[in-house]
Amino acid sequence: IPSQTPVPVITLWTMRWFLFRIMIGAGLIKLRSGDLKWKMRGPKRLTTMNYFYETQPVPNPISRYFHKMPGAWHKFEVLINHAVELVA
């Protein structure tokens, strides 16, 4: 197979479809989970990132600094996460 062979159109559209399903599914499951930390209303609204940096599976050296950011920053992170997974 030559290295300059174009990727079939059906392969491109299949990959786009799978990526769309994964991203929209991840966003919807967070909103539908019932976990108040992902919700926009309630006593614990948008606080999931307050805990994420303590419990992430593979922490990195700068996680400590992000964990110490103000609460407003963490709420902004959750909103950006929703925007990326549900809108973009």
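Keep in mind it's a predicted model, so treat the numbers as computed, not measured.

Peer 1: Help me out: how do you make sense of the overall build of the chain in this one?
Peer 2: When its secondary structure is counted, the chain shows four helices and zero strands. Taking 2.2 N^0.38 as the reference for a compact globule, 88 residues should give roughly 12 Å; the C-alpha atoms of the chain span a radius of gyration of 18 Å, well beyond that estimate. For the C-alpha atoms alone, the extent of the chain along its principal axes is close to 55 × 30 × 20 Å. Going through the 88 residues of the chain one by one, you find that 18% of them count as buried. In the chain, of all internal contacts separated by at least 6 residues, the share reaching a separation of at least 24 is 49%. Entry remark: accessible area of the chain is about 7100 Å², with carbon and sulfur atoms responsible for 69%. Distance from the positive charge centre (12 side chains) to the negative charge centre (4 side chains) of the chain: 5 Å.

Peer 1: Help me understand the nonpolar core, please; the structure alone is not making it clear to me.
Peer 2: What tends to happen in soluble globular proteins is that the nonpolar side chains get buried as a cluster. Ranked by size, the top nonpolar core spans five residues in total: Trp38, Leu46, Met49, Tyr53 and Val78. Setting aside its immediate chain neighbours within four residues, Val78 contacts Trp38, Leu46, Thr48 and Met49.

Peer 1: Whenever I open this one, the packing of helix α2 (residues 48–55) against helix α4 (residues 71–87) confuses me. Can you help?
Peer 2: Axes are the key here: two packed helices are described by the angle between their axes and the distance separating the axes. Viewed as axis vectors pointing N to C, α2 and α4 meet at an angle of 90°, and their least axial separation amounts to 7 Å. Taken together, the axes of α2 and α4 lie roughly perpendicular to each other. Residues Thr48, Met49, Asn50 and Tyr53 of α2 touch α4, and the partners they reach there are His74, Glu77 and Val78. Here the contact of α2 with α4 is built from residues that sort into three nonpolar, three polar and one charged.

Peer 1: Just checking my understanding: could you explain the packing of aromatic side chains for this structure?
Peer 2: Between two aromatic rings, the relevant description is the distance of the centres plus the angle of the planes. Counting across every chain of the model gives four aromatic pairs. The interplanar angle of 70° and the centroid separation of 5.4 Å between the aromatic rings of Phe52 and Tyr53 together place this pair among those described as edge-to-face. By relative accessible area, which is 33% here, Phe52 ends up partly exposed. Between the aromatic rings of Trp73 and Phe76, the centroid separation amounts to 5.6 Å while the plane-to-plane angle is 40°, which identifies the pairing as tilted. Here the residue Trp73 and the residue Phe76 both occupy positions in helix α4, the gap between them amounting to three residues, near one helical turn. For Trp73, a relative accessible area of 32% puts it in the partly exposed group. Counting every residue linked through ring pairs, the aromatic cluster contains Phe52, Tyr53 and Phe66.

Peer 1: How do you make sense of α2 when you look at a structure like this?
Peer 2: Buried within α2 we find Thr48, Met49 and Tyr53. The buried side chains of α2 occupy one side of the element, clustering within an arc of 130° when seen end-on. Away from the buried face of α2 by more than 90 degrees, exposed residues Glu54 and Thr55 are located.

Each value, and the rule that gives it
Going along each chain's sequence as written, the residues are numbered from 1 onward. The model is predicted, so local features are restricted to residues of pLDDT at least 70 and side-chain atom pairs to those at 80 or more, both for listing and for counting; the totals for chains, interfaces and linings are taken over all residues. Side-chain descriptors were evaluated using all non-hydrogen atoms of the structure, hydrogens and water having been removed beforehand. Working definition: helices are DSSP H or I runs of at least four residues, strands are E runs of at least two. Numbering for both runs from the N terminus. A radius of gyration in this sense is built from C-alpha atoms; the matching globule rule multiplies 2.2 Å by the number of residues raised to 0.38. Partly exposed describes any residue whose relative accessible area lies between the buried limit of under 20% and the exposed limit of over 50%, with all areas from a 1.4 Å probe on protein chains only and scaled to the type maximum. Here, two residues are considered to be in contact whenever any of their heavy atoms come within 4.5 Å of each other. Values of accessible area rely on a 1.4 Å probe in the Shrake-Rupley scheme; residue burial ignores everything except the protein chains shown. We treat Lys and Arg as the positive residues and Asp and Glu as the negative residues; His and chain ends play no part in the count. Every charge is mapped to an atom, namely NZ of Lys, CZ of Arg, CG of Asp or CD of Glu. Buried Ala, Val, Leu, Ile, Met, Phe, Trp, Tyr and Cys residues form a nonpolar core when they are joined through side-chain atoms within 4.5 Å. Axes here refer to lines fitted to C-alpha atoms; in helices the fit is confined to the stretch in contact. Angles between the N-to-C directions go from 0 to 180 degrees. An angle counts as roughly parallel when it lies under 35 degrees, as roughly antiparallel when it exceeds 145, as roughly perpendicular when it falls between 65 and 115, and as oblique in every other case. Classification convention: Asp, Glu, Lys, Arg as charged; Ala, Val, Leu, Ile, Met, Phe, Trp, Tyr, Cys, Pro as nonpolar; all other residues, Gly among them, as polar. What counts as a ring pair is set by centres within 6.5 Å for rings of Phe, Tyr and Trp (its six-membered ring), and what kind of pair is set by the plane angle: stacked under 30 degrees, edge-to-face over 60, tilted for all other angles. When we speak of the arc, we mean the arc of directions from the helix axis to the C-beta atoms.

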